[in-house]
Amino acid sequence: QVQLVESGGGLVQAGGSLRLSCAAAGRTFSSYAMGWFRQAPGKEREFVASINWSGGSTYYADSVKGRFTISRDNAKNTVYLQMNRLKSEDTAVYYCGRRASSSGAAYREVDYVYWGQGTQVTVSS
């Protein structure tokens, strides 16, 4: 069984930064791609960023490109999302997901097998 636990969310002013972490329990973390999604109130869950098994390939939604950076530390079984220049429209619950594939080129919820419980990010304007 794979468990994913997100942390690092909180309240931040517009223009500020936050770093989200997603710690994975279970074996073979380094074999699989990981992703971050978010869901704002009244909206569907949307893709934010993803990373392949090694960290060598990353993918971003246009809305966060240039502001967010996804990375991973396979020795710590952790994936990160560094969020800079935050905007009020970034307010959402952020979820990390794990794929059953090593490729990070996956932008749909159905491409991910395991999910964390989410962490709230609130950006005040």
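Check the entry above for the structure.
Residues numbered from 1 in each chain as written. Predicted model: local features only at pLDDT ≥ 70, side-chain atom pairs only at ≥ 80, totals over all residues. Heavy atoms only, no water.

Q: Describe the overall build of the protein chain, with residues and values.
A: Looking only at helices and strands, the protein chain features zero helices and eleven strands. Principal-axis analysis of the C-alpha atoms gives the protein chain an extent of 40 × 25 × 25 Å. Expressed as a percentage of its 125 residues, the buried residues of the protein chain come to 42%. Counting contacts in the protein chain only where the partners sit at least 6 residues apart, residues at least 24 apart contribute 59% of the total. Carbon and sulfur atoms make up 45% of the accessible area of the protein chain, which totals about 6300 Å². Here the protein chain contributes 14 positive and 9 negative side-chain charges, whose respective centroids are spaced 6 Å apart. (Helix = DSSP H or I, 4+ residues; strand = E, 2+ residues; numbered from the N terminus. Buried < 20%, exposed > 50% of the residue type's maximum accessible area, 1.4 Å probe, protein only. Contact = heavy atoms within 4.5 Å. Areas by Shrake-Rupley, 256 points an atom, 1.4 Å probe, with all protein chains shown as cover. Lys, Arg positive; Asp, Glu negative; His and termini not counted. Charge placed at Lys NZ, Arg CZ, Asp CG, Glu CD.)

Q: Tell me about the sheet that holds strand 7 (residues 68–73), and name the residues and values.
A: Taken together, the four strands give an open sheet; going across it, the order is 1-3-8-7, and neighbouring strands pair in antiparallel fashion. Two strands close off the open sheet at either side, each with one partner strand: strand 1 (3–7) and strand 7. Each adjacent strand pair in this sheet contributes to an overall mean axis angle of 15°, direction not counted. Sheet topology places strand 3 (residues 18–25) next to strand 8 (residues 78–83); six bridges connect them, and they run antiparallel. In the strand pairing of strand 8, Ala23 is matched with Thr78. (Pairing = 2+ DSSP bridges. Axes fitted to C-alpha atoms, helices over the stretch in contact; angles between N-to-C directions.)

Q: Break down the pairing of strand 11 (residues 119–124) for me, citing the residues and quoting the values.
A: With burial as the criterion, only one face of strand 11 is covered, namely that bearing Thr119, Val121 and Val123; the residues Gln120, Thr122 and Ser124 on the opposite face remain uncovered. In terms of strand pairing, strand 2 (residues 10–13) meets strand 11 through four bridges, oriented parallel. Looking at strand 11, one finds that Leu11 is bridged to Thr122. Relative to strand 11, strand 9 (residues 92–98) is paired through three bridges, and the arrangement is antiparallel. Of the residues in strand 11, the one forming a bridge with Ala92 is Val121.

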